[in-house]
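Read off the chains here:
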Amino acid sequence: MGVYILKRLLTMVPTLFVISFLIFAIIELPPGDYLSNQIEQLRMQGEQAAIARVEFLRDQFALDRPFIERYAIWVGIWPGPNGFDGLIQGNWGWSFEFQKPVDEVVSGTLLLTVVLNFATILFVYIVSFPIGIYSATRQYSWGDYGFTFLGYIGLATPNFLLGLILLFLANAWFDLSIGGLMDPQYVDQPMSLAKLGSILAHLIVPTIVIGTAGTAAMIRRLRANLLDELHRQYVTTARAKGLKENKLLLKYPLRMALNPFISDIGNLIPSLVSGSVIVSVVLNLPTVGPVLLSALQSQDQFLAGFILLFVAVLTLLGMLVSDLLLAVLDPRIRLGGQAKT
Amino acid sequence: MSVVSIRDLCIDYHSDSGTTRAVNGVSFDVPNARTIALVGESGCGKSTISQAVMGLLPPAAKVASGQILFSDPAGEAAPVDIASLERDGPLMRDIRGNRIAMIFQEPMTSLSPLHTIGDQIGEAARLHQDMSREEAREATRDMLRLVQFPDPDRALDTYPFELSGGLRQRAMIAMALICRPALLVADEPTTALDVTIQAEILKLIRDVQEELQMSVLLITHDFGVVANMADAVVVVYQGRVMEAGPVETVFRAPEHPYLKALLDAVPTFHMDANERLQPIRPIAPKIGGLLSKERAPAEAAGARAGEPLLVVDNISKTFALRQGGSLFGKSQGRVLKALDGVSLTIQRGECLGLVGESGSGKTTTANAVMRALDLDGGSVRFDAGRGLEDIYALRGANLMDYRRRVQMIFQDPFSSLNPRMSLNEILMEPLIIHNVGTSAERADWVRELMALVGLDQRYLRRYPHSLSGGQRQRIGIARALALRPDLVVCDEPVSALDVSVQAQILNLLQDLKAELGLTYLFVSHNLAVVDYLSERVAVMCKGRLVEMGPTSTVVNDPQHPYTQALLAAVPEASLDHPLDFDHLSQTRASQPSAWPEPYRLDADTQPVLVEVSPDHFVCAPGLASPSLKEAV
């Protein structure tokens, strides 16, 4: 087991190298960079002194070097102007737009992003499982039709619209401040119980908004998977033993139907980060999504590159976790290689 | 006294398109500690009856009238009418799995792959007899011992996919018997198993029946199983009982025409050479027209029957099993010898039967002949009118020519026809691929083919799903014949079909061979079928050819221990040749290293065929002369 995890972690290293290269290449695809754009602007305004300063910065961040070299310096496998100083050495880069190191820009938002995503995944699973099981076992009943209808509405409603409506209602009924992740008075205060409570209250609306589409899709998939399993022979075998329907359902078909959902954990993470950008903009949430968007727009390459790489790492870890969970749940995967064929 | 007595049972299936009566006024008794066989073709309602007895009818099915009276021989409780109980109510659940238990056809899919054998078997005991986890485990261990598991203690914690099919079915039986039921319902319990495993499982069911004094309701379509297992027989046709009575009467003096027809449709050994099977619904193939005008290509080249058409010479093939092993541990990759020095010759105009159990390499051999896989060694040579040529060296036009001359009929008529193509398109496709004729000629030829397999040409617009299994298999045959091949490889063409349809297809194959001068390589696990159709037979085991010779010689005078075991395990549909359960191979007959000298084969022994009588070859390395050994 330990050997396996170590092996998996080692195979992540080349994967991450490939991903980082692709990210870097794609970010650099548009002509120019943040600083050259700025130089253009300054030149048009005729500010020679400022240009000299920016040229100096270009040199400092090695933006005038060839593409491969820039990439290598960014990763930290090639000496830049300041020697080996890249991602590997723990230097996550400099954000030109915010005039701050990248880690200072994202440290707050990353934590909130992770918290929000975790809450959303929990919400999706907690809501969709009971409904999915209900719909599958009572196929074509009124309840099934009702949940199907609600599910399609959830899939079809634009998230930001739902967000605005919910925000208005929350403000009107529960007196919650519009937007943000906490009431304005707590923003620059140290953490306290009241602040935590405010954060949790503000998490509710975004969680529901970001989670509805996922929940609806998950209900449909669980229902379909479970319906497939319910007609399998081993279910009849269990029934022939005299098991009660509910007990039987949880022990046999549900466990079989779980696999696709566990293998999905790794895939959920990137979609939750990139999928919630619009919602975050609309609801004014300080998550990493809007930061990524603006960084991409202004070609703030080190910031954008770091965020994308961070999501990639999360995804790879998610995949590892789902593979381990699958092995724990399914003996065919755990013992597969030893089985007689 | 009867454990179950069924009275005037009627069961309806309700669907959007109306009501269908699946079971219509069925009455019979299952006496204490006896075996009743419920026999019929697929779709006759026999499984519906068994489901009704178990209270496992699907929601769409309703018992319209009648009773299923269950009187438990163990208690003094008054008889219960199962038909009137709520299917998932506590009363029914108390009987189900406890007093009446069931085993199913497919041992692979009948067990949950995610739970250990011990867990699944012990579950019923914990449910019905209030056993604790430990007690149930103990009871499970006893049960596994009763069904003769090789290592009961270890088996408790194994998963179904780690076991062979036969062991899985043993586990199923242990699961059904753990509460010592009064009645065991066995729904085609051995249909999915190899013939030697089938004999072992049948013996096991008889043994435990004696041990536990329970009744068995055996649902089967196989009269061989019936003759060896049942005390009484109930024959069902379209939801009605056609005939019922003790097994003696049913086999020796069948009265109802349907039963007589069913019995006549089963191929048995001891049939006369020219005796024909009598299908229930015979078909009339029309041979003539275009077919008679255009002579078979082989005859045009001046070839005569009796000459070697295909020579398989010492071919071998190994498959690497999945490398890497388990997720969390190391294990070395294993290799499977699918073919080990197999040599055989098919004469023009004959039918060579290729027999063996699953995993014997018979299908791999067929694929090698089709050039559907790459060989590790040896050669396959074919006479396409230019003398014997190595088919693995053929390229371009010559390879296309070979493909045209060798065609295949597949096992599963359901999955071997593309459901999105009409029959016309299916039969036309080979002609288009090989660019035969103009489109008008092709259309004529397709109609001819339909007549050839006895199908109305109005069916040409239909799609495969609207045909029955037998009709589909006839389309598969017509497709194989579309290019007028020299050699037809039949891979288990009747094993998915009912007895009556099987007879129909076998007769069709026989007629076509005679009329069109075809040559068959007939792959089957069913010795009786091979006996009916083939002039010569080759027996395979674990990738080796163990015996080959004229069919009558091999069947009547088998030399090799494996062939003997195989023949001894075939249940015959006749009371005069019962299975000898006491002398069923104690040793594993399919283990080459366990065969006695001179037949013993170790992993690296070269299999050598020795001619024991004219044309009759047996694999016996111990008998081979030293010079021959060197030569090989």
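This structure is a prediction, so every number in the text was calculated from the model and none was measured.

About the cut-offs
Residues numbered from 1 in each chain as written. Chains lettered and ligands numbered in written order. Predicted model: local features only at pLDDT ≥ 70, side-chain atom pairs only at ≥ 80, totals over all residues. Heavy atoms only, no water. Helix = DSSP H or I, 4+ residues; strand = E, 2+ residues; numbered from the N terminus. Rg over C-alpha atoms; globule rule 2.2 N^0.38 Å. Buried < 20%, exposed > 50% of the residue type's maximum accessible area, 1.4 Å probe, protein only. Areas by Shrake-Rupley, 256 points an atom, 1.4 Å probe, with all protein chains shown as cover. 1 Å grid on protein atoms, 1.4 Å probe; cavity = no way out; pocket = protein on both sides within 12 Å on 5 of 7 lines; lining within 4 Å. Points joined across faces, edges and corners; volume = space filled by probe spheres on them. Nonpolar A, V, L, I, M, F, W, Y, C, P; charged D, E, K, R; others polar. Expected span 1.5 Å × (residues − 1). Salt bridge = Lys/Arg side-chain N within 4 Å of Asp/Glu carboxyl O. Contact = heavy atoms within 4.5 Å. Pairing = 2+ DSSP bridges. Axes fitted to C-alpha atoms, helices over the stretch in contact; angles between N-to-C directions. Polar contact = N/O pair within 3.5 Å; in protein donor to acceptor, adjacent residues only side chain to side chain. Domains from an automatic or database assignment. Buried area = accessible area lost by both parts, 1.4 Å probe.

Things to note about the overall build of chain B
Helix and strand counts for chain B stand at 22 helices and 22 strands. For chain B, the C-alpha radius of gyration of 26 Å lies close to 26 Å, the compact-globule estimate for 632 residues. Considering chain B as a whole, with its 632 residues, one finds that 56% of them fall into the buried category. Looking at chain B as shown, the accessible area adds up to about 26,600 Å², and 48% of this sits on carbon and sulfur atoms.

Overview of the layout of surface pockets
Over the atoms rolls a probe the size of a water molecule, and in doing so it shows where empty space is left. All names here are of chain B. Size it by volume and the second largest pocket reaches roughly 510 Å³. Every residue lining the second largest pocket is counted, 23 residues in all, and those nearest its centre are Asp272, Ala273, Asp531, Tyr532 and Ser534. Of all elements in the fold, only α18 (499-516), α19 (527-533) and α20 (551-556) reach the threshold of two or more residues within the lining of the second largest pocket. Taken together, the residues of the lining of the second largest pocket sort by class into 9 nonpolar, 8 polar and 6 charged.

Overview of α18 of chain B
Residue and element names in this part refer to chain B. Between its first and last C-alpha, α18 extends 26 Å over 18 residues, near the 26 Å set by a 1.5 Å rise per residue. When you tally the buried positions in α18, you get 14 out of 18 residues, the bulk of the element. The positive-phi residue at the C-terminal boundary of α18 is Gly517, with phi of around 65 degrees.

As for the pattern of salt bridges
When the charged atoms of two side chains with opposite charge come close together, those side chains can pair. Residues and elements named next belong to chain B. One pass over the full model with this rule turns up 37 salt bridges over all chains. Where Arg386 meets Glu389, a salt bridge forms, and the shortest distance between an N and an O atom there is 3.2 Å. Since its relative accessible area comes to 44%, Arg386 is described here as partly exposed. As a salt-bridge pair, Asp456 and Arg458 come within 2.8 Å of each other at their nearest N and O atoms. A relative accessible area of 33% places Asp456 in the partly exposed class. The exposure class assigned to Arg458 is exposed, which follows from its relative accessible area of 66%. Linked through salt bridges whose partners overlap, the residues forming this network are Arg386, Glu389, Asp401, Arg404, Arg405 and Asp486.

Re the environment of Ile280 of chain B
All names here are of chain B. For Ile280, the location among the structural elements is in the loop between α10 (257-264) and α11 (290-293). Separated by 219 residues in sequence, Ile280 and Val499 place their C-alpha atoms 9.4 Å apart. The contact partners of Ile280, leaving out residues within four places of it in the chain, are Glu41, Tyr258, Ala261, Leu262 and Ser500.

What to know about the environment of Met54 of chain B
Considering the arrangement of structural elements, one finds Met54 of chain B in helix α1 (residues 46-54). The exposure class of Met54 of chain B is buried, given its relative accessible area of 1%. Residues Met54 of chain B and Arg96 of chain B, spaced 42 residues apart in sequence, show a C-alpha to C-alpha distance of 6.3 Å. Beyond its immediate stretch of four places on either side in the chain, Met54 of chain B contacts Ala240 of chain A together with Met92, Arg96, Ile100, Ala101, Met102 and Val185 of chain B.

Here we look at the sheet that holds strand β11 (residues 308-320) of chain B
All names here are of chain B. Taken in spatial order, the 4 strands of this open sheet run β12-β11-β14-β15, and their pairing is antiparallel. Every other strand in the sheet has two partners, leaving β12 (335-347) and β15 (388-390) as the edge strands with one partner each. Averaged over all pairs of adjacent strands, the angle between their axes in this sheet comes to 25 degrees, without regard to strand direction. Pairing of β11 with strand β14 (residues 377-383) involves 5 bridges; the strand directions are antiparallel. Bridged to Ser316 within β14 is Gly377.

Focus: the side chain of Arg544 of chain B
All names here are of chain B. Along the chain, Arg544 turns up in strand β20 (residues 544-550). A polar contact is formed between the side chain of Arg544 and the side chain of Asp340, at a distance of 3.4 Å. Residues contacting Arg544, with those up to four places away along its chain left out, are Asp340, Ser360, Val539, Pro592, Leu601, Asp602, Ala603 and Pro607.

Some details on the domain arrangement of chain A
All names here are of chain A. Split by domain assignment, chain A resolves into domain 1 (19-91) and domain 2 (109-333). Here the C-alpha centroids of domain 1 and domain 2 sit 38 Å apart. Residue-level contacts link 16 residues of domain 1 with 13 residues of domain 2. Of the roughly 1,200 Å² buried at the junction of domain 1 and domain 2 (both faces included), carbon and sulfur atoms supply 72%. Counting the surface domain 1 buries against domain 2, the share from its top three residues, Ile27, Tyr34 and Trp74, is 42%.

Digging into the sheet that holds strand β3 (residues 35-39) of chain B
All names here are of chain B. Within the open sheet, the 6 strands sit side by side as β6-β7-β8-β3-β9-β10. Their pairing is mixed. The outermost strands of the open sheet, each flanked by one partner alone, are β6 (100-103) and β10 (240-246). Strand-to-strand twist of the sheet, defined as the mean angle between neighbouring strand axes without regard to direction, takes the value 15 degrees. Relative to strand β8 (residues 215-220), strand β7 (residues 183-187) runs parallel, the two sharing 5 bridges. Across the sheet, Val185 pairs through a bridge with Leu217, a residue of β8. Contacts from α1 reach β3, β6, β7 and β8 within the one sheet, and its direction differs from that of β7 by about 150 degrees. Against the sheet, α10 contacts β9 (232-237) and β10, and its axis sits at roughly 100 degrees relative to β9.

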